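Survey of secondary and tertiary structure
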Amino acid sequence: MAATSASAPTAGVRQGVGVSPGSAYGPVVRVAAPVQPPQNEAVAEDTAAASEAAIASFMFVAEDLEARSAQADATARDVLKATAMIARDRALHRAVTKHLGEGNGPATSINLAIDEFAAKFEALGGYFAERVTDLRDIGSRAIARVLGLPAPGVPSFSVPSIIVAEDLAPAETATLDRSLVLGIVTRAGGRTSHTAILAAQMGIPAVVQLAGATEIPAGTPISLDGDTGEVVVSPDPEAVASQRLRRERRAAALAEVSGPGRTQDGHPIALLANIGGAEDAELAGAEDLEGVGLFRTEFVFLSAAHAPTLEEQTEVYRRVFTPFDGRRVVVRTLDAGADKPLAFADLGEEENPALGRRGLRLSQALPELLETQLQALAAAARLTGADVRVMAPMVATVAEARWFAERVRANGLPKPGVMIEVPAAALRASQVLAEVEFGSLGTNDLAQYTMAADRMEGELSELLDPWQPGVLDVIAAAANGAKQAGKPLGVCGESAGDPLLALVLVGLGVSSLSMATSKIRGVRLALKTHTMEHCERLAAAALAAESPAGAREAVRAAATPELVALL
Ligand code: PEP
Ligand code: MG
């Protein structure tokens, strides 16, 4: 397949990395980058008029935020309203006027006032410090307004479109309107970035790592294939039709298999959903799947300013469990930190947040937060008929597993588990899993920590490739440990949703696969067309390779043609 050069924004086929399945066709909506004031901006000659214009730009930003809040869900609504209030703050407006009076240009004055307020917010700490990002966003929007440039961030639009951005923050992705966003394309971003994960969970086809993406003009029609990573700019009608045909053929083949996950020779492999809240749970609950293998509870509270109360949490969890009466729901306790900061669970700046006090380490530092969450989970479990299991993120040692399991059991929740996403826990899986009832491989973080490559860094996607033989070795070690301990081990990282890699994972010994709902059908078909012995051969072939591409090719060559024809 021909990929055009990285810099050509013109028509043609380009290759990115598909991270959320499905295809889309529609006009581009560009997400503009934050705007900075021009260097050496000319002094405002009429200070009074410039002050009026700057204040008007803040008011415009406030009105825009308020209008968007009217369409957002409850959590996003509160954040947008609070942000609009900052834009209306008279003290902020007075600071801009002061900087104008000191001989600065309008955009520079806004920037200086924002800097001044950011420093004040940071000094106040806590809730205020958490609002600095919002404050800077207001500044950038107001500057764009006075300079007559497009507003940064996702603009409001009413025609179903494809969002094209340099990258999207998880909070930005979470607030996208599913009915208007046909697809997402980013120039940066990684396979396991939380934006990619959220897009798959929201059922929005997405492609990341598309060279030249941000040069595609707004309004240009594009088509994207979130399975293959192919994007066609200004596609001719034939290309759109052939993409649609391929999609329909695939959908028809996938619709033929249903029911619980099974290998061709009948070994059960539970097919489970990854979810991020009650809305996802309601959608997933209506699907043909065996339950939830990962409920990322931190996703519910990404924009909450204060710790949710016991009652608030109980209500969210009750809503999540209700659609799964009689089915399992694996809940992960708050995995806050790194790229998922929570305002109410902040331990301050860290040099290397991905290696810092995140996940269970944060729960150990703030035990009352974990306690409230466990109480709420237990209360919600009692109110519903779901088979609730609770696991901890980022467990590294036997002692941590024991500490967590004690607390879970003490709250009347009988099935504690742990994520295996730190190499030390994978290598010591037999001892770690002896403390709990089950393990779940978080292959996203496991790849990040095994390869020493930041999962947020799109430029390192080769190292982060889940097919890296070194990562597969660590998974194999964990699977052996689980076997020794006699405990079930699943996978809930993105690897589970890749049909070929899922076969390798099963061949290595995992007994459940949890993924975005949109990926389940492909994996079900993969299992159905391979025996356990075949999966074991595929796993051996992958382990024998010396590169991720080699592993993928070896498995592709040895998989059934029936499956390969659909990939
Ligand atoms: C993982 O690390 O693989 C995982 C499932 O957790 P998260 O992606 O939320 O870090
Ligand atoms: Mg993780």
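Residues numbered from 1 in each chain as written. Chains lettered and ligands numbered in written order. Predicted model: local features only at pLDDT ≥ 70, side-chain atom pairs only at ≥ 80, totals over all residues. Heavy atoms only, no water.

**What about helix α20 (residues 520-528)?**
Within α20, seven of the nine residues are buried, which leaves the element mostly enclosed by the surrounding structure. Looking at α20, one finds that the buried residues are Ile 520, Gly 522, Val 523, Arg 524, Leu 525, Ala 526 and Leu 527. Next to the buried residues of α20 lie α9 (237-255), β9 (270-275), α19 (499-508), β16 (512-515) and α23 (561-564). (Buried < 20%, exposed > 50% of the residue type's maximum accessible area, 1.4 Å probe, protein only. Helix = DSSP H or I, 4+ residues; strand = E, 2+ residues; numbered from the N terminus. Contact = heavy atoms within 4.5 Å.)

**A word on the packing of α19 against helix α21 (residues 532-544)**
Contact pair α19 / α21: the axes reach a minimum separation of 7 Å and the direction vectors enclose 100°. With respect to each other, α19 and α21 are oriented roughly perpendicular. Together, Leu 503, Val 504, Val 506, Gly 507 and Leu 508 of α19 and Met 532, Cys 535, Glu 536, Leu 538, Ala 539, Ala 542 and Leu 543 of α21 make up the contact between the two elements. Split into classes, the residues belonging to the contact of α19 with α21 amount to ten nonpolar, one polar and one charged. (Axes fitted to C-alpha atoms, helices over the stretch in contact; angles between N-to-C directions. Parallel < 35°, antiparallel > 145°, perpendicular 65-115°, else oblique. Nonpolar A, V, L, I, M, F, W, Y, C, P; charged D, E, K, R; others polar.)

**Focus: the sheet that holds strand β6 (residues 206-208)**
Taken in spatial order, the eight strands line up as β1-β8-β7-β3-β4-β5-β6-β2 in an open sheet, and their pairing is mixed. Pairing within the sheet leaves two strands with one partner each, and these edge strands are β1 (12-15) and β2 (17-20). Neighbour to neighbour, the strand axes of the sheet diverge by 30° on average, direction disregarded. Where strand β7 (residues 221-225) and strand β8 (residues 230-233) come together, three bridges link them in antiparallel fashion. For Ile 222, the partnering residue across the bridge sits in β8 and is Val 233. Those strands touched by helix α8 (residues 194-201) are β2, β5 (181-186) and β6, and its axis lies near 55° from that of β2. (Pairing = 2+ DSSP bridges.)

**With respect to the pairing of strand β3 (residues 23-30)**
By the bridge criterion, five bridges tie β3 to β7 in an arrangement that is antiparallel. Each bridged residue has a counterpart across the sheet, and for Gly 26 the counterpart in β7 is Ile 222. Two strands pair when backbone bridges link them, and β3 and strand β4 (residues 161-165) are joined in this way by three bridges, in the parallel orientation. Opposite Val 29, over in β4, you have Ile 163 as the bridge partner.

**So, unusual backbone geometry**
With a phi angle near 60°, Gln 209 is a residue other than glycine that sits in the positive phi range. Within the element layout of this structure, Gln 209 appears in the loop between β6 and β7. Even without being a glycine, Ser 234 presents a positive backbone phi close to 45°. Structurally, Ser 234 can be placed in the loop between β8 and α9.

**Remarks on the sheet that holds β16**
With parallel pairing, the eight strands of this closed barrel are ordered in space as β9-β10-β11-β12-β13-β14-β15-β16. Shown here is a sheet whose adjacent strand axes are inclined to one another by a mean of 30°, direction ignored. With three bridges connecting them, β9 and strand β10 (residues 291-296) associate as parallel partners. Residue pairing across strands places Asn 274 opposite Leu 294, the latter belonging to β10.

**Structural notes on the side chain of Lys 519**
Here Lys 519 is to be found in the loop between β16 and α20. The exposure class assigned to Lys 519 is buried, which follows from its relative accessible area of 13%. Other than its neighbours up to four places away in sequence, Lys 519 contacts Val 19, Pro 21, Ala 200, Glu 494 and Gly 497.

**Re a negative patch on the surface**
Taken together, the side chains of Glu 122, Asp 346, Glu 349 and Glu 351 make up a negatively charged region of the molecular surface. Among the secondary structure elements, Asp 346 is positioned in the loop between β11 (328-332) and α12 (360-365). (Patch = residues over 30% accessible without salt bridge, like charges linked within 9 Å, V, L, I, M, F, W, Y side chains within 5 Å. Areas by Shrake-Rupley, 256 points an atom, 1.4 Å probe, with all protein chains shown as cover. Salt bridge = Lys/Arg side-chain N within 4 Å of Asp/Glu carboxyl O. Lys, Arg positive; Asp, Glu negative; His and termini not counted. Charge placed at Lys NZ, Arg CZ, Asp CG, Glu CD.)

**What to know about the site of ligand 1**
Of all residues adjacent to ligand 1, which total 16 residues, the nearest are Arg 296, Arg 332, Gly 442, Asn 444 and Arg 455. In this structure, an oxygen atom belonging to ligand 1 sits 3.3 Å away from a main-chain N or O atom of Gly 442. With respect to ligand 1, the backbone of Asn 444 contributes an N or O atom lying 2.7 Å from an oxygen atom. Against a free-state accessible area of 290 Å², the protein chains account for coverage of 100% of ligand 1. When contributions to the shell around ligand 1 are tallied by element, the ones reaching two or more residues are α8, β10 and α17 (443-451). Considering each element in turn, the shell around ligand 1 owes the most residues, three residues, to α17. For the shell around ligand 1, a count of residues per class yields four nonpolar, five polar and seven charged. (Near = heavy atom within 4 Å. Polar contact = N/O pair within 3.5 Å; in protein donor to acceptor, adjacent residues only side chain to side chain.)

**Side note on the nonpolar core**
Membership of the largest hydrophobic core comes to 102 residues, with the highest contact counts inside it found for Tyr 317, Phe 321, Leu 413, Ile 420, Leu 441, Val 504 and Leu 513. Beyond its immediate chain neighbours, meaning those up to four positions away, Ile 420 contacts Ala 425, Ala 426, Val 432, Leu 433, Ser 440, Leu 441, Gly 442, Leu 446, Ala 478 and Leu 489. Residues Leu 92, Ala 107, Ile 114 and Phe 117 belong to the second largest nonpolar core, which totals 29 residues. (Core = buried A, V, L, I, M, F, W, Y, C linked by side-chain atoms within 4.5 Å.)

**A short note on the UniProt feature "binding site: phosphoenolpyruvate" (unreviewed entry) in the chain**
The UniProt entry lists Arg 296, Arg 332, Asn 444, Asp 445 and Arg 455 under the feature "binding site: phosphoenolpyruvate" (unreviewed entry), expressed in the numbering used here. Note on placement: Arg 332 falls in strand β11. On the basis of relative accessibility, which here comes to 3%, the residue Arg 332 falls in the buried class. Inspection of the secondary structure puts Asn 444 in helix α17. By relative accessible area, which is 5% here, Asn 444 ends up buried. If near-sequence neighbours (up to four positions away) are discounted, Asn 444 is found in contact with Thr 192, Ile 197, Arg 296, Arg 455, Gly 493 and Glu 494. (UniProt positions renumbered as here; feature names shortened; annotations may be inferred.)

**A few points about the environment of Gly 226**
Relative to the assigned elements, Gly 226 resides in the loop between β7 and β8. Non-local contacts of Gly 226, meaning those with residues more than four positions away in its chain, are made with Gly 18, Val 19, Ser 20, Pro 21, Gly 22, Ala 206 and Val 207.

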